[in-house]
Amino acid sequence: MAIREPVLAPVPIADLRPTQMTVGYREVAEKRRRWRDYDEDKRAAFLGAHMVPTLLGPKKHHYVIDHHHLSRALMEEGVASVLVTVVADLHHLEKDAFWTVCDHKSWVHPYDADGVRVGFKEIPKTMGDLADDPFRSLAGELRRAGGFAKDTTPFSEFLWADYLRRHIKPKRVENDFSAALEEAMALAKAPETNYLPGWCGPTT
């Protein structure tokens, strides 16, 4: 089992490298709203309790393997640095070998906003370059509404996003998010989704 070692010196968010292509901008905006509601003491406590898990990769760059939405939200709110937890030190690997290890360990999600797998070289180098996937926002809201349970499966919300993308029209998500969420909730309770992580089953 990997040992997570806290890095006591803060790491600039601008230096963090993503291991995915997209985030849900709507979800990022929600995290920004919550952050703005915190006073100074609560912000300090929050940052101390939410260290960002990273891999130490080639050239000792920190590659984020969770909390992409939070990191992006904090960056947009002007937070300069965060504390990180190093899950694995892979800085001695060549970049190709690094990405191969990440792929086998489910530490990378190289899928674009259309759910299409791309090459590792296309993964953005900064949090600011992450593209929007509206269906990732829909999946996040679906989980918070009880459509499925939080699960330890890596990138579980993206698996739900991919399913929703195949069954709900993008225009519906863009033009009427509430209606899209209702449609997503009905889909989430169908037996056809029981293979997805955190499935909660039918409501009746």
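For the structure, see preceding data.
Below or above, wherever it landed, is the structure these notes cover.

Cut-off values and rules
- Residues numbered from 1 in each chain as written.
- Predicted model: local features only at pLDDT ≥ 70, side-chain atom pairs only at ≥ 80, totals over all residues.
- Heavy atoms only, no water.
- Helix = DSSP H or I, 4+ residues; strand = E, 2+ residues; numbered from the N terminus.
- Rg over C-alpha atoms; globule rule 2.2 N^0.38 Å.
- Buried < 20%, exposed > 50% of the residue type's maximum accessible area, 1.4 Å probe, protein only.
- Expected span 1.5 Å × (residues − 1).
- Contact = heavy atoms within 4.5 Å.
- Pairing = 2+ DSSP bridges.
- Axes fitted to C-alpha atoms, helices over the stretch in contact; angles between N-to-C directions.
- Parallel < 35°, antiparallel > 145°, perpendicular 65-115°, else oblique.
- Left-handed = near helix turned anticlockwise from the far one by under 90°.
- Nonpolar A, V, L, I, M, F, W, Y, C, P; charged D, E, K, R; others polar.

Bringing the overall build of the chain into the picture now. Scanning the chain from terminus to terminus reveals eight helices and six strands. The order of α-helices and β-strands along the chain, N terminus first, is β-β-α-α-β-β-α-β-α-β-α-α-α-α. The C-alpha atoms of the chain give 17 Å as radius of gyration, which agrees with the globular expectation for 204 residues (17 Å, within 12%). Seen through its principal axes, the chain has C-alpha atoms that stretch 50 × 45 × 30 Å. Out of the 204 residues belonging to the chain, those deemed buried represent 44%.

Across its 12 residues, helix α8 (residues 177-188) extends 16 Å between first and last C-alpha, which sits within 8% of the 16 Å expected from 1.5 Å per residue. Along α8, the residues classified as buried are Phe-177, Ala-179, Ala-180, Leu-181, Ala-184, Leu-187 and Ala-188. Contacts from the buried residues of α8 go to α1 (25-37), α5 (134-144), α6 (156-165) and α7 (170-175).

Counting buried positions along strand β3 (residues 52-56) gives five out of five residues, so the element sits mostly inside the fold. Alternating residues of β3 divide into Val-52, Thr-54 and Leu-56 and Pro-53 and Leu-55, and every residue in both groups is buried. Relative to strand β5 (residues 81-89), β3 runs parallel, the two being bridged by five bridges. Within the sheet, the bridge partner assigned to Leu-55 lies in β5 and is Ala-88. With three bridges connecting them, β3 and strand β4 (residues 62-64) associate as antiparallel partners. Bridging across to β4, Leu-56 finds its partner in His-62. Following β3, the chain reverses through five residues before pairing antiparallel with β4; Lys-59 in that reversal takes a positive phi of roughly 60°.

On to the side chain of Ser-137. Inspection of the secondary structure puts Ser-137 in helix α5. The contact partners of Ser-137, leaving out residues within four places of it in the chain, are Gly-24, Tyr-25, Arg-26, Glu-27 and Phe-177.

What follows deals with the packing of α1 against helix α3 (residues 68-76). Contact geometry of α1 with α3 gives a least axis separation of 8 Å together with a crossing angle of 60°. The orientation of α1 relative to α3 falls into the category oblique. Taken as a pair, α1 and α3 cross one another with a handedness that is right-handed. Contacts from Tyr-25, Glu-27, Val-28, Lys-31, Arg-32 and Trp-35 in α1 reach His-69, Leu-70, Arg-72, Ala-73, Leu-74 and Glu-76 in α3. Split by residue class, the contact of α1 with α3 holds six nonpolar, one polar and five charged.

With that settled, the discussion passes to α3. For α3, the buried fraction is high: seven of the nine residues fall into the buried class. Every buried residue of α3 is listed here: His-68, His-69, Leu-70, Ser-71, Arg-72, Ala-73 and Leu-74. Directly beyond the C-terminal end of α3, a positive phi value near 85° is found at Gly-78.

On to the environment of Ala-113. Tracing the sequence through the fold places Ala-113 in the loop between α4 (95-104) and β6 (131-132). The contacts of Ala-113, once residues within four sequence positions are left out, are Thr-22, Asp-132, Asp-133 and Arg-165.

Here we come to the packing of α1 against α5. The relative placement of two packed helices is expressed as an angle between their axes plus a distance between the axes. At their nearest, the axes of α1 and α5 sit 6 Å apart, and the two run at 55° to each other. When the interaxial angle is binned, α1 and α5 end up oblique. In this structure, α1 uses Tyr-25, Arg-26, Glu-27 and Arg-34 to contact α5, whose residues at the interface are Arg-136, Ser-137, Gly-140 and Arg-144. Here the contact of α1 with α5 is composed, by residue class, of one nonpolar, two polar and five charged.

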